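Chains, contacts and geometry: an overview
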Amino acid sequence: MLNFDNRFLRELPGETALPNMVRQVSNIVWSSVTPTPVTAPRLLAYSPEVASSLDLDDAAMRSPSMAAALAGNAILPGSVPYATRYGGHQFGNWAGQLGDGRAIYLGEVVNKKGERAGERYELQLKGAGRTPYSRGADGRAVLRSSIREFLCSEAMHHLGIPTTRALSLVETGDRVVRDMFYDGRPAAESGAIICRVAPSFTRFGHFEILAAQGELELLKTLVSFTVDRDFSDLNLADKMPQERLPAWFSEVCIRTAKMVAEWMRVGFVHGVMNTDNMSILGLTIDYGPYGWIDNFDPGWTPNTTDGEGKRYCFGRQPEIARWNLERLASALATIHANGDALSECLDKYDETYSNESARIYAGKFGFTDWHDGDATLIGDVFALMQRAEVDMTEFFRQLAQIDPAYPAVEVLRGAFYVEALFQQHRASFVDWLTRYARRLSQDNRLTAARINSMNQLNPRYVLRNYLAQQAIDRAEQGDASMVTELLDVMRNPYTVQAGREAFSAIRPDWARQKAGCSMLSCSS
Ligand code: AMP
Ligand code: MG
């Protein structure tokens, strides 16, 4: 059984026993709410690692009472469901109150290892019905977006990237209507609910809404609570309030920088980096119209809503994360006398991002450390990769196989989508490989050691958009086995898995313009 200990409810103000009506709220951060039952819940998949971090074994996961609880049809002992209040900047503009419109917390679970080991987790059902923050929407989620979030959060974890996790994927047996392309052709889709798990789901927007509404005492309380519960390892309890805030915000900047640098390492594009989708813990959160880079293109965004502005495209993610931190700094400045101190924290973002990306790119290219000239060498090949439409994941795996003594361009051939572009840019790649081989020779490292270290930073398997879509298509036909298989492949993303070559294949032609594979909307 899950051991609930609900500090958020206990220590922060909220509202209880009110009708579940959409409303603007003030001076509270949560509203109690009951999940709306579904018709015929069926557990399609679960993550064994997340289950075990909650002390749940296979029998517990498969028990009828757990299936009911994970669908919102039953409330577990100790669970007190609620939704929280937050705001956010969406696509660059302040959007006012948003809140958990389709996420319902079940509470906080402390596992057997106990809180001292940092083992406290918030559990959330996503898609379990309307809340006071649903703003006219239905509070439900469709199977396709639930599969995408379930698989990607686990894939990101196994890639070593900070992320919220997913415990379970439940099909509800109900239909949910969505206008997938916002083109006036709504269709009924299968409904689903995932149970998400993270030490904290608190977002930048939780702080922003309190500053925007002038609820400054509550903002101070929420900061203290967050520092105490979610950043206890910083040991800030003894510091004066004026020192605590910048010390904590610096840490938020550092974690955010590390997270984004990791996204850039593996070619992950979040797609909707609004401040309400930024976790205070620096976790990747809210997997919506995210995507993975196939052919290398910094201007690529999977999000059709952002197709014109490309605000959230791959290459702009580091800049946007900083912009989001600036919005958080402005919110925190309302309770801090020295605004300059908060601006200085943002320097930590720049410094950390720059150090992390130097470390990551040196590692991806197989250099023992970062040299001054590396930026030019790397920038040149990125520009070439973009022009020649080279697959990012495949390129780095093949690059590891380059022999510095005889750097043959054919080694890279499998990373090109179009033969004509390979031929057209062949000479430029030959020149670049000559420079690259010269650079490698400066390191004096054994080839085997270089290959090994490159392959630990350059994944063999990423959750390519077309792979997730294939799993979705099958699940919608009633066969969820590919969800489980993909989850299993993504468990060891850096290791070549015999018999699973299909999962590392570059995007097939049919997927190039197919919905779900190359473009997605926020409609989920
Ligand atoms: P997102 O774009 O998913 O980050 O969501 C932005 C805001 O819209 C959040 O406040 C969500 O809770 C809310 N929202 C998105 N989809 C739904 C839905 N189906 N029902 C209720 N609220 C939703
Ligand atoms: Mg969101």
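Report follows, based on the coordinates. Because the structure is predicted, anything quoted here is derived from the model rather than measured. (Residues numbered from 1 in each chain as written. Chains lettered and ligands numbered in written order. Predicted model: local features only at pLDDT ≥ 70, side-chain atom pairs only at ≥ 80, totals over all residues. Heavy atoms only, no water.)

A short note on the overall build of the protein
Convention followed: Helix and strand definitions here come from DSSP, where helices need a minimum of 4 consecutive H or I residues and strands a minimum of 2 consecutive E residues; each element is numbered from the N-terminal end. For the radius of gyration, the atom set is restricted to C-alpha positions; the globular benchmark scales as 2.2 Å times the number of residues to the power 0.38. Each residue is assigned to one of three classes by its accessible area relative to the maximum for its type, calculated with a 1.4 Å probe on protein chains only: buried under 20%, partly exposed between the two thresholds, exposed over 50%. Any two residues whose heavy atoms approach within 4.5 Å at even a single point are treated as in contact.
Within the protein one finds 16 helices and 13 strands. Computed over its C-alpha atoms, the radius of gyration of the protein comes to 23 Å, within 12% of the 24 Å expected for a compact globule of 524 residues. In the protein, which comprises 524 residues, the proportion classed as buried is 59%. Of the contacts made within the protein by residues no fewer than 6 positions apart, 73% connect residues no fewer than 24 positions apart.

Here we look at the site of ligand 1
This is how it is decided: A molecule or strand has a residue near it when one of that residue's heavy atoms lies within 4 Å. Between N or O atoms, a polar contact is any pair within 3.5 Å; within protein, one atom must be a potential hydrogen donor and the other a potential acceptor, and residues adjacent in sequence are included only when both atoms are from side chains. In these tables, accessible area is a Shrake-Rupley quantity obtained with a 1.4 Å probe, and a residue counts as shielded only by the protein chains included in the view. Just so you know the grouping, Ala, Val, Leu, Ile, Met, Phe, Trp, Tyr, Cys and Pro go in nonpolar, Asp, Glu, Lys and Arg go in charged, and all remaining residues, Gly too, go in polar.
Neighbouring residues of ligand 1: 17 residues in total, closest Gly99, Gly101, Arg135, Gly139 and Asn277. Between Asp138 and ligand 1, the recorded distance is 3.0 Å, taken from a side-chain N or O atom to a nitrogen atom. A distance of 3.3 Å is found between a nitrogen atom of ligand 1 and a side-chain nitrogen or oxygen belonging to Arg178. About the coverage of ligand 1: the protein hides 82% of its 480 Å² of free accessible area. Across the shell around ligand 1, the residue classes tally to three nonpolar, six polar and eight charged.

Notes on helix H16 (residues 481-489)
This is how it is decided: It is the directions from the helix axis to the C-beta atoms that the arc portrays.
All buried positions along H16 are accounted for by Met482, Val483, Leu486, Leu487 and Val489. On an axial view of H16, the arc spanned by its buried residues comes to 160 degrees, and they lie on one face. Elements in contact with the buried residues of H16: strand E3 (42-46), helix H5 (143-159), strand E10 (165-178) and helix H15 (465-476).

Regarding the coordination of the magnesium ion (ligand 2)
Tetrahedral coordination by four donors places them ideally at 109.5 degrees to one another around the metal; octahedral coordination by six donors ideally gives 90 or 180 degrees. What counts is decided by this rule: Because no water is among the atoms considered, metal sites can look incomplete, with donors defined as N, O and S atoms within 2.8 Å of the metal, or 3.2 Å for Na, K and Ca.
Around the magnesium ion (ligand 2), the protein contributes the donor atoms Asn277 (OD1) and Asp286 (OD), at 2.0 to 2.1 Å from the metal centre. Exposure remark for Asp286: the relative accessible area of 13% places this residue in the buried category.

With respect to helix H12 (residues 392-399)
Across the eight residues of H12, eight count as buried, placing the element largely inside the fold. When we look at burial in H12, the residues that qualify are Met392, Thr393, Glu394, Phe395, Phe396, Arg397, Gln398 and Leu399. Buried residues belonging to H12 abut helix H8 (241-266), helix H10 (339-364), helix H11 (374-387), helix H13 (419-441) and helix H14 (447-457). With a side-chain oxygen lying 3.2 Å from the backbone nitrogen of Thr393, the N-terminal cap of H12 falls on Asp391.

Topic: the pattern of salt bridges
Convention followed: Think of a salt bridge as a Lys or Arg side-chain nitrogen and an Asp or Glu carboxyl oxygen that are within 4 Å of each other.
Tallied over the full model, the rule gives 42 salt bridges. Arg120 is the salt-bridge partner of Asp5, the closest N and O atoms lying 2.5 Å from each other. Taken as a pair, Asp5 in the segment before helix H1 (7-11) and Arg120 in strand E8 (residues 120-126) lie far apart in primary sequence, 115 residues in all. Between Glu11 and Arg7 there is a salt bridge, with the nearest N and O atoms lying 2.7 Å from each other. Of this pair, Glu11 and Arg7 both sit in helix H1, four residues apart, which is roughly one turn of the helix. Because the salt bridges share partners, they merge into one network encompassing Asp5, Arg10, Glu108, Arg120, Glu122, Arg229 and Asp230.

Quick word on the packing of helix H6 (residues 204-212) against helix H9 (residues 317-333)
So the rule is basically this: Every axis corresponds to a line fitted to the C-alpha atoms, with the helix fit spanning only the stretch in contact, and the corresponding angles, defined between N-to-C directions, vary from 0 to 180 degrees. What sets the label is the angle itself: under 35 degrees gives roughly parallel, over 145 gives roughly antiparallel, 65 to 115 gives roughly perpendicular, and the rest give oblique. Two helices that cross are described as forming a left-handed crossing if the nearer one is turned anticlockwise from the farther one by less than a right angle, and a right-handed crossing if clockwise.
Relative orientation of the contacting elements H6 and H9 amounts to 40 degrees, with a least axis distance of 9 Å. In terms of orientation, H6 and H9 fall into the oblique class. The two elements H6 and H9 cross, and the hand of that crossing is left-handed. Two secondary-structure elements touch here, H6 through Phe204, Phe207, Glu208 and Ala211 and H9 through Asn324, Leu325, Arg327, Leu328 and Ala331. Partitioning the contact of H6 with H9 into residue classes produces six nonpolar, one polar and two charged.

Comments concerning the side chain of Arg178
Structurally, Arg178 can be placed in strand E10. The contacts of Arg178, once residues within four sequence positions are left out, are Asp138, Arg140, Ala141, Val142, Arg144, Arg185, Pro186, Ala187, Glu189, Ser523 and Ser524.

Examining the packing of aromatic side chains
The relative placement of two aromatic rings is captured by the distance of their centres and the angle of their planes. Keep this limit in mind: Under the pairing criterion, centres of Phe, Tyr and Trp rings, with the six-membered ring standing for Trp, must be within 6.5 Å; the plane angle then separates stacked pairs below 30 degrees from edge-to-face pairs above 60, leaving the rest tilted. Two thresholds decide whether a charge sits over a ring: the Lys NZ or Arg CZ must be within 6 Å of the ring centre and within 35 degrees of the ring normal.
Counted by the stated rule, this structure contains 30 aromatic pairs. Relative to Tyr436, the ring of Phe365 lies with its centre 6.4 Å away and its plane at 70 degrees, an arrangement referred to as edge-to-face. With Phe365 in the loop between H10 and H11 and Tyr436 in helix H13, the pair connects residues that are 71 residues apart, well separated along the chain. Tyr436 carries the same exposure label as Phe365, and that label is buried. Linked through ring pairs, Phe296, Phe314, Tyr361, Phe365, Phe367, Phe382, Phe395, Phe396, Trp432 and Tyr436 together constitute an aromatic cluster. Taking NZ or CZ as reference, Arg148 lies 4.0 Å from the ring centre of Tyr290, over its face. Positioned above the aromatic ring of Phe396 is the side chain of Lys364, whose terminal nitrogen or guanidinium carbon lies 4.1 Å from the ring centre.

Digging into the packing of H8 against H10
How two helices sit against one another is set out by the angle between their axes and by the gap between those axes. Their axes nearest at 8 Å, the elements H8 and H10 cross at an angle of 30 degrees. The angle between H8 and H10 falls in the class roughly parallel. Crossing of H8 against H10: the hand is right-handed.

A short note on the pairing of strand E7 (residues 103-110)
The line we're drawing: Criterion used throughout: strands pair if DSSP finds at least two bridges between them.
Taking burial as the measure, the eight residues of E7 include eight buried ones, the bulk of the element. Sheet analysis places E7 next to E8, joined by seven bridges and oriented antiparallel. Considered in E8, the bridge of Val110 is made with Arg120.

Examining the nonpolar core
We count it as follows: To form a nonpolar core, buried Ala, Val, Leu, Ile, Met, Phe, Trp, Tyr and Cys residues must be joined to one another through side-chain atoms within 4.5 Å.
Trp248, Phe249, Phe365, Phe395, Leu399, Phe429 and Tyr436 are the most contacted members of the largest nonpolar core, which totals 127 residues. If sequence neighbours within four positions are ignored, Phe429 has contacts with Val381, Leu384, Met385, Ala388, Val390, Phe395, Val409, Leu412 and Phe416. In this structure, Val33, Ala69, Leu76 and Val109 belong to the second largest nonpolar core, which totals 32 residues.

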